[in-house]
Structures are given as structure tokens and as C-alpha cells.
Amino acid sequence: MAGFEGADHINGFGVPLDINTRNGHTARLDEDYAALAAFGLRTVRESIGWRMVHQQGEAGLQAIVAQAEAASRHGLQIVWSLMHYGWPADLDPLQHGEAFADAFAAHCGRIARLLDAVDGPRPVYQPVNEISFLSWAATQTGLIHPYLPSDPANGFLLKRSLVRAALRATDAIWAVDPAARILHTDPVIHVEAHRGAGPLASAAAAREHAAQFQAWDMIAGRLAPELGGAPRYLDIPGLNYYHDNQWEHGTGARLYWHRGDPRRRPFADLAESVWKRYGRPLCIAETGHIGEGRAAWLDHMAAEVLDCRTRGVPIAGLCLYPIVDRPDWQSATHWHHSGLWDVPDADAGNFDRRLNQPYAERLRHWQAALDDAPTPIPVYPSPPSVRSPSPMTNLIVFSHLRWDFVYQRPQHLLSRIGTRFPVLFVEEPIPGAPETRLEHYQPCAGVVVLRMHLTSHGAGFHDDHTPAMRAMLAGYLAEHGIADYLVWFYTPMALPLARDLTPRGSVYDCMDELAAFDFAPPVLIERENHLFDQVDLVFTGGRSLYEAKRGRHPQVHCFPSSVDHAHFGQENVPDHPDQAEIARPRLGYYGVIDERLDLGLVAALADAHPDWQVVMVGPVAKIDPASLPARPNIHWMGQRRYDELPAFLAGWDVCLMPFALNASTRFISPTKTLEYLAAGKPVVSTPVRDVAEQYAAVVPIAATPAAFVAACESILARGPEARRRVAEDGAAVVARTSWDATASAMAALLRQVDEASRPIDDASDLAVARSLQEIASRPAVTAL
């Protein structure tokens, strides 16, 4: 493959780029395409500059058609990048992500319709070039105008916005050409901890390394599923790889290829990790070197491709990039000397190409040695969902919570762990059904939910349901060839279902003291005792639960509630339309509304200040809705989707945790504590133990209704500086943890109980596990 550099953004100095005009490619399409065909390079990467096409209007669109026709005349297949860092000036992916995504989808649909009418090899589409790189460059460097290297927190938000746009663009393309293949490129990297690094530094390096998968995970629906990703969208991951794609965490010092740094990882290792993660065919979408190193680098990369072949990692192509030399983005007179052809007199207006002979000789050598006749990327109607080629131990999870109820700890953890251990999430059954049937669906990549509809009666995992549930589960496992698995319990009541299973190991994620909840089955405590005797690992959802359970099993690990920083830390989120007409100040709560809430406190809060508006978001469970206090200034909003919560938070002046102090709240570790803080909001809580012991320095604790009202009054009276300081203190607390780190640590422990023939091969996850355990064992945060 060959690629022409097509970046069309406005650089850090405010200069619009048009690389293909600078190196003469626009004027010499026929000559360049003829030269590629003569070299047997028949798949070509080209970029359609969205910014430039928007400016040029109809003339720009006709130029694209003419370019496609020129490629067709020479028998070339084009991989079209539909956004190569630039976009129209009147759009902003950070401030107006929805409008940006819709406009980009319209652009891509228009381009697809134009190209669909051109005869020749079918095009391949890349919606957004290098989502991860662009997100970093626009928020942490001075490369992209008008962004400056002053707001790295926006990097993940921009990544989400670009993924949303890429998904909608893909739908627009498939609406025109359902058989179109979709390429998603990003750099594949390795980040190494500095020599002598301890557990925390090693874990930080591992997190930086793992971030390279975020965009692909979002596209596949594994991360941020609310964006709409799904496995079908991740058709062909394109790996962009250069000599400087490996570096040391913290210092950024490169692990130099030409110096043979022993800490470098082979490219084949990096490619194999992508293949095992997604099971999709890969291509090397960009690679190349500069100056005299071009030929040697091609030798190096060709050898890596051969290594990939021996490992069974499918590499569909290797793209020499750029194929014609290019000027630097920031310095228009500095040429990289990185192409198969140089353009030595381009600055004087002479675009004659000069072939780099050593590079050309090695290209011809490897084309023959690899014996890989150049053919277009194959086209078929629907990109298949290919499972990972390596055997993976499944994870059968028994849960008393439904996946599509409130999005909380099980969903956060298992949507992430599912990338390592495919999850079969077995919900408690739906009783009293007219017929017995098995419902199953895939809410995100790596997770399949089983929902059993039974004619028998009884709440939860009642014993009357057990025979039918065992039979249905056994049938599903046999039908899908699931023989190697671990078992994960969220409730001891499901223990009888595992009687006939033969797991490699088992874990109990004790997220609540379920025996203390209203309507808990009398047999629950006895079953929990048996569960402790049988499982290999116990996780607890908070510190107080850890203290209560740690003496009952030799492997009890404390994993308190964590937070999805990117979701709740969004800035400039518009107010939710359903509360936009409610007056201010607004005091809000979201979560399940059940026996754990002090409804009398909610009423007292509303009565103390009739001008305060109390907004309560969440489903009502296990209590009579008629018992909810009715006041003109209390607004019961009902259950809402997870993706709606940041919009509700955006319109609240104080966030509430009005928990009752009773048996059901003695051991709770509310996830919303960190979520509220991540949104930069002030929080008031009753003295729930885990909140009072861990977060009293940033969350006022109020034991009586009068104290709770006073704490809210104090928050509302704060000035701008005090609000800023409190938000910064909360952000520092939030930064200590994430669901990604927690899931990685749990996965590392799960691998320890997997069979000995599959030892842990990811030391970084173990480092995270040690780090989190170290943090969990530290003394609690106390109020100043």
C-alpha cells in the first residue's frame, strides 16, 4: 500500500495546510498513480480535506470525483480519509458535539454518494484519521489551531466527540453502500515505566499504554457504550507505527529503534495484542522513516510482518507513508525526506519526483519475498464479528440486579472485564411468565445477558426456579461451546445454580450487605456462609464491608466504588431539558429511591426553604410511591438513562446524599459520591460510614435535618473562589481511582485463579492490583 500525506488542519501558527498542493500531488495525479501502478502498489490512502471541501463547495466535490476517476483508470483502490484533522470553522466538536457529528455524517454521506457512481475498485472509507492522536494533539500540544497545550482534560472529551462523529459517519456511508469496508487508524504504541519504577509508577505507565485502545474500544461499544458503538463498526483497525512510537512514561524519552534500546517491544507483539483484543483483520496503515534510514526501516517492518504471519496475526497490508515526500506541518520549508519519491525542488515550484533507490530496491525485494500479490481489500456485505483467536476463559456472573436497571458497579466492572474474560451475565429470572423461554442480548462488546422467563413463582433466585434455570443455563453453555469458565456471584442466593458447574475458580463481589435489605430471604445468611467456603476470591464494594468480611476468607480484597471520569467530568454540558424550567437553586439526587433514603430528610429540606427546588432522579423500588413526600418544590423525575445524568448534574447547585441511617445503609459505599465530585459539584451527605471516613475532607457530613439544611445553606453562600477551591479538592480525590484501574486489578486477580497453564502475562495489571490494594489499606481520609 501507499499513502499520500493529506493533513488539512490549521497548524499552531494559524496557517491552513494543503500538503498535496505543496508537494505537487494535486497537479500530478495521473503521473503519481501511474508510478504507483508500475511499482505494483494498487491500494492507496488519500485524504479528503473536510475543511477544504467545505470551503471549495461544488468545485471541491467535482475534484474528488476527478481524482477517483484517475485512480480507476490506473486500477487503483483508494482508502479515503474523510477527515484528516481539519473541519469547517463554524463547527466545534468540544462545545457542540451533536451538531459536529451530524454535519460530519452529512459530509460523509455526500462523499459516499459521489464515489458510489465511479466505476473501478470499490473504495474503503476511513471516517476520522487517528482519533487518539488528534485528541492528544489538539489538547496537549500546539500543533492544532486554535487549541493550545493548556487543557489536557479535554482530550478524552474530544475523543468521545470524534468517535460519535465517526459512528454516525459510518452509518451514513453504509446507507449508501452497505458493503463498504471501514478503516479506523490510530498509533499503536508502547509506554515503558522508568528503570527502577515502583508499583505506582508502573501502574501509571500501564494506564498510559492502555489508553491507546480507548477510541477503538468506544467504536466497538466496549467503552462508553452510550455513544452507540458496536462490534460491527470496528471493521479494520489500522495500525500507524513509526520509530518513535515507544517511550518512557513521565519523561517522554524515546526508546530509540536505531540505538537498539532493550526496553522496546517488537511491533509483532503490539499487533498481536490488538488482534487478540478485537479479533479483526489488521493493516499497517502508516509506517516509514526519514533520510538514510528508510530502507533499513522497511527491512525491520517487513521482518515484523513475517513474525505476525507465524503467530497467525492477519496483516492485510503495509502502507508506505508518505509515498511522496512532504513538508513539516509547522515549518513549510522543512521537508522530511521520508517518501519513496523525494521532491527536492518543490519550494521552487518544480515538482519533479526523485526515486530513492535504496528504498525502492528493498521494496521490490520484500514484495517478492513476501510473495503477496497486491490485491484490493476484499469486499463482502457485512463485516463479520470474528472472535479472538486465542482461547479465553469465560466469566459466568449471577446477579440479582438487571443489566438494564440502574447503571452501577456490575455494569462498570463487567463491561471492562469483558474485554479479557467474555461475560455471561445471568440475571435473576422473571417469574410467572406464560411460558418458559430464554432471552439473551449483548448490551456491549464482551457481555451477553441471559434473562430467563419462568412459569414458576417466587422472588429473585427462589429455589422453585432452580431446576429450570440450571437446565436453561446448561443448554446455553453446550450450544455455545462454553467449557472453560470462572463463576462470579453478586448474590449468595444464586449458589444452587452453580451446583452442576465445573469452574476454574470463583469470586464473590460483595457490593452490599444484602441480608440487611428489606425483604431479604431468611436463607441468605446461611448461603453466604457456604459461598465464603467455596469461592477463591472475595471483593468488597467498600471499606466498611471489607472490615466486616476480611476475617471470613483468606483472599478478601477491598475495591471501593470508583468513577467514570470522562462521563461525569464533562464540562459545558447543557442543562437537561426536563429540568430547564425549574427555578434555581436546585438541590439534586440521583439513584435508586428505596428504604435506604431518608424521605423525611428530603421533606425537611424542601420545607426549610420553599424557594429551593429539590430534584430527585431515579426509580422507586421496594417502597410505596405514595410514601414519597409531595411538595411544590420537590420534583420526582423517575428513572433516567446513564447518559442523561451529566445533564441533570449540570443544572444542580448542590448534590445530595440523604441516606437514612439504618441496617441497609450501614455498609454502603455510594458510587455517586465520586460521580458528584467528578462533575465539580458540592456534596452534602448524612454520616454514612464509608462517606464520613473517606470523604469528610471534601463532603460536609450532617447528622440531623437541621445540620443538613445548614450545610446546604453554607454551600449556596460560597463565593467563586471558595467554589473553585472546593471543586479542585474534590477533583484531587476523584483522580485517585477509576473503574478502568479497578477492573484491570480485578482481572489480574482473576487470572491468578485461572488454571496454571495460563499464567499471568500482563505484569502491568498486577502492578495496578498491588497499587489499588496499597491505597485501600491506607488510613482513611479525615476532615481537616
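Being a predicted model, the structure only gives us computed values, none of them experimental.

Caption draft 1: Representation of the side chain of Arg164 within the structure. You can see Arg164 is positioned in helix H7 (residues 154-176). Here Arg164 is in contact with Gly97, Glu98, Ala101 and Leu227, once residues within four sequence places are set aside.

Caption draft 2: Region of interest: the pattern of salt bridges. According to the stated counting rule, one finds 48 salt bridges in the structure shown. Two residues, Lys276 and Glu272, come together in a salt bridge whose shortest N-O distance is 3.8 Å. Of this pair, Lys276 and Glu272 both sit in helix H10 (residues 267-278), four residues apart, which is roughly one turn of the helix. Judged by its relative accessible area of 37%, Lys276 falls in the partly exposed class. A residue is classified by how much of its surface remains accessible, and Glu272, at 18% relative accessible area, is buried. Each member of the salt-bridge network shares a partner with another, and the members are Asp269, Glu272, Lys276, Asp307 and Arg311.

Caption draft 3: Expanded view of the packing of aromatic side chains. Counting across every chain of the model gives 27 aromatic pairs. Centroid distance Phe568 to Tyr642: 5.6 Å. Interplanar angle 80 degrees. Geometry classified as edge-to-face. Of this pair, Phe568 sits in helix H17 (residues 565-568) while Tyr642 sits in the loop between strand S23 (634-638) and helix H19 (645-650); the two residues are 74 residues apart in sequence, bridging distant segments of the chain. Taking relative accessible area as the criterion, Phe568 reaches 2% and is therefore assigned buried. On the basis of relative accessibility, which here comes to 11%, the residue Tyr642 falls in the buried class. The aromatic ring of Phe213 is capped on one face by Arg277, whose charged end is 4.2 Å from the ring centroid.

Caption draft 4: Up close: the sheet that holds strand S24 (residues 654-657). Spatial ordering of the open sheet is given by S23-S22-S21-S24-S25, a layout of five strands whose pairing is parallel. Taken across any chain shown, the strands that pair with only one partner, and hence form the sheet edges, are S23 and strand S25 (683-685). Between one strand axis and the next, the sheet turns by 25 degrees as a mean value, whatever way the strands run. Taken together, the two bridges between strand S21 (residues 586-590) and S24 define a ladder with parallel strand orientation. Note on S24: the bridge partner recorded for Gly588 is Cys655.

What counts, and where the lines are drawn
Residues numbered from 1 in each chain as written. Predicted model: local features only at pLDDT ≥ 70, side-chain atom pairs only at ≥ 80, totals over all residues. Heavy atoms only, no water. Helix = DSSP H or I, 4+ residues; strand = E, 2+ residues; numbered from the N terminus. Contact = heavy atoms within 4.5 Å. Salt bridge = Lys/Arg side-chain N within 4 Å of Asp/Glu carboxyl O. Buried < 20%, exposed > 50% of the residue type's maximum accessible area, 1.4 Å probe, protein only. Phe/Tyr/Trp six-rings, centres within 6.5 Å; stacked < 30°, edge-to-face > 60°. Lys NZ or Arg CZ within 6 Å of the ring centre and 35° of its normal. Pairing = 2+ DSSP bridges. Axes fitted to C-alpha atoms, helices over the stretch in contact; angles between N-to-C directions.

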